[in-house]
Amino acid sequence: MVFENPLLLGAIGAGLAVGIAGLGSGIGAGITGASGAGVVAEDPNKFGTAIVFQALPQTQGLYGFLVAILILFVFKSAPEWAMLAAGIGTGLAGLSAIGQGIAAAAGLGAVAENDGIFGKAMVFSVLPETQAIYGLLVAILLLVGVFASPGVTTIAALGAGLAVGFAGLSGIGQGITAAGAIGATARDPDAMGKGLVLAVMPETFAIFGLLIAILIMLGIMF
């Protein structure tokens, strides 16, 4: 135990989870909302569609809020470094909401021109969400005590949080690619398959981060 009260690190982790993830969601929702305001000005009937797309990048903030609540009220007996790492991983991965906001804004713009592309635009817009889910997954594994190695109970746990968190920023690049793919699919529906391949590529790095986080939690180097 590094601190007399181990909950001090847990409190910092809770703050980082909701603070950083909320930052990402706020920016992402703002980007989509700006696109939505323009679409609604042209066609007020598209208000409901705008709300649906704007809701997508808000989920990362909810993940951060959920992990903060779990740290503060449910898993207070978890290892202190695990609580901090859970917050860092969830928070940083939540910045993927910026990429999701970019993709959702492009999707909304495409739907404004053609309602028939709603489903395809939604598929591309959801892709950057996976990075945040990886961060949430690692946070849950850290908190529930699935692993009990030094990779979870010591400062090494920070490595797991940082790996999945920073790698989760690849969601921003994925969102940019997805936005371009939505535009290409709107012009040529047959381009969706190739667009998906291009949009999935940035996620490779998030998977690398998830893999390293799991290896650290397994205590593979100790």
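The structure displayed is predicted, hence computed values, not measured ones.

Peer 1: Requested: an account of the overall build of the protein, with residues and values cited.
Peer 2: When helices and strands are tallied, the protein shows twelve helices and zero strands. The linear arrangement of helices and strands in the protein, starting from the amino end, is α-α-α-α-α-α-α-α-α-α-α-α. Whereas a compact globule of 222 residues would reach a radius of gyration of roughly 17 Å, the protein reaches 19 Å, a difference of no more than 12%. Each of the 222 residues in the protein was classed as buried or not, and the buried ones make up 50%. Of the contacts made within the protein by residues no fewer than 6 positions apart, 89% connect residues no fewer than 24 positions apart.

Peer 1: Describe the UniProt feature "transmembrane region" (unreviewed entry) in the protein, naming the residues involved and giving the relevant values.
Peer 2: With numbering aligned to this structure, UniProt lists the feature "transmembrane region" (unreviewed entry) at residues 60-78, 90-112, 132-148, 155-176 and 196-220. For the annotated span residues 132-148, helix accounts for 76% and strand for 0% of the residues, and the straight-line distance between the end C-alpha atoms is 24 Å. Along residues 196-220 one finds 80% helix and 0% strand; the C-alpha atoms at either end are 34 Å apart.

Peer 1: I'd like a rundown of helix α12 (residues 203-217), residues and numbers included.
Peer 2: The end-to-end C-alpha distance of α12 is 21 Å, a good match for the 21 Å that 15 residues give at a rise of 1.5 Å each. Looking at α12, one finds that the buried residues are Glu203, Ala206, Gly209, Leu210, Ala213, Ile216 and Met217. Taken around the axis of α12, the buried residues stretch over an arc of 135 degrees, which confines them to a single face. Looking at the packing, one finds that the buried side of α12 touches α7 (129-144), α8 (150-153), α9 (157-167), α10 (170-187) and α11 (192-200). Trailing α12 by a residue or two, Gly219 shows a phi angle of about 70 degrees, which is positive.

Peer 1: How would you summarise the UniProt feature "domain: V-ATPase proteolipid subunit C-like" (unreviewed entry) in the protein if you had to cite specific residues and measurements?
Peer 2: Here, the residues flagged by UniProt with the feature "domain: V-ATPase proteolipid subunit C-like" (unreviewed entry) are residues 12-71, 84-142 and 158-216. Span residues 12-71 is 88% helix and 0% strand, its end C-alpha atoms 10 Å apart. As annotated, residues 158-216 comprises 86% helix and 0% strand, and the C-alpha atoms at either end are separated by 9 Å.

Peer 1: Explain the packing of aromatic side chains residue by residue, including any values.
Peer 2: Summed over all chains, the structure comprises two aromatic pairs. For the pair Phe53 and Phe118, a centre-to-centre distance of 5.6 Å together with 80 degrees between the ring planes defines the contact as edge-to-face. Taken together, the positions of Phe53 in helix α2 (residues 47-55) and Phe118 in helix α6 (residues 118-126) put the pair 65 residues apart, joining distant regions of the chain. Judged by its relative accessible area of 33%, Phe118 falls in the partly exposed class. Taking the centre distance of 6.0 Å and the plane angle of 85 degrees together, the rings of Phe205 and Phe208 count as edge-to-face. One end of the pair is Phe205 and the other is Phe208, both in helix α12 and three residues apart, which spans about a single turn.

Peer 1: Please set out the pattern of salt bridges residue by residue, giving values where relevant.
Peer 2: Scanning all chains against the criterion turns up two salt bridges. For Lys46, the salt bridge goes to Asp43, with nearest N and O atoms at 3.1 Å. Residue Lys46 is classed as buried on the basis of its relative accessible area, which comes to 11%. The exposure class of Asp43 is partly exposed, given its relative accessible area of 25%. Between Asp115 and Lys46 there is a salt bridge; the shortest N-O distance is 3.6 Å. Highlighted residues: Asp115 in the loop between α5 (96-113) and α6 and Lys46 in the loop between α1 (7-42) and α2, separated in sequence by 69 residues. Judged by its relative accessible area of 51%, Asp115 is exposed. Residues joined by salt bridges that share partners form a network here, namely Asp43, Lys46 and Asp115.

Cut-offs used in this document
- Residues numbered from 1 in each chain as written.
- Predicted model: local features only at pLDDT ≥ 70, side-chain atom pairs only at ≥ 80, totals over all residues.
- Heavy atoms only, no water.
- Helix = DSSP H or I, 4+ residues; strand = E, 2+ residues; numbered from the N terminus.
- Rg over C-alpha atoms; globule rule 2.2 N^0.38 Å.
- Buried < 20%, exposed > 50% of the residue type's maximum accessible area, 1.4 Å probe, protein only.
- Contact = heavy atoms within 4.5 Å.
- UniProt positions renumbered as here; feature names shortened; annotations may be inferred.
- Expected span 1.5 Å × (residues − 1).
- Arc of directions from axis to C-beta.
- Phe/Tyr/Trp six-rings, centres within 6.5 Å; stacked < 30°, edge-to-face > 60°.
- Salt bridge = Lys/Arg side-chain N within 4 Å of Asp/Glu carboxyl O.

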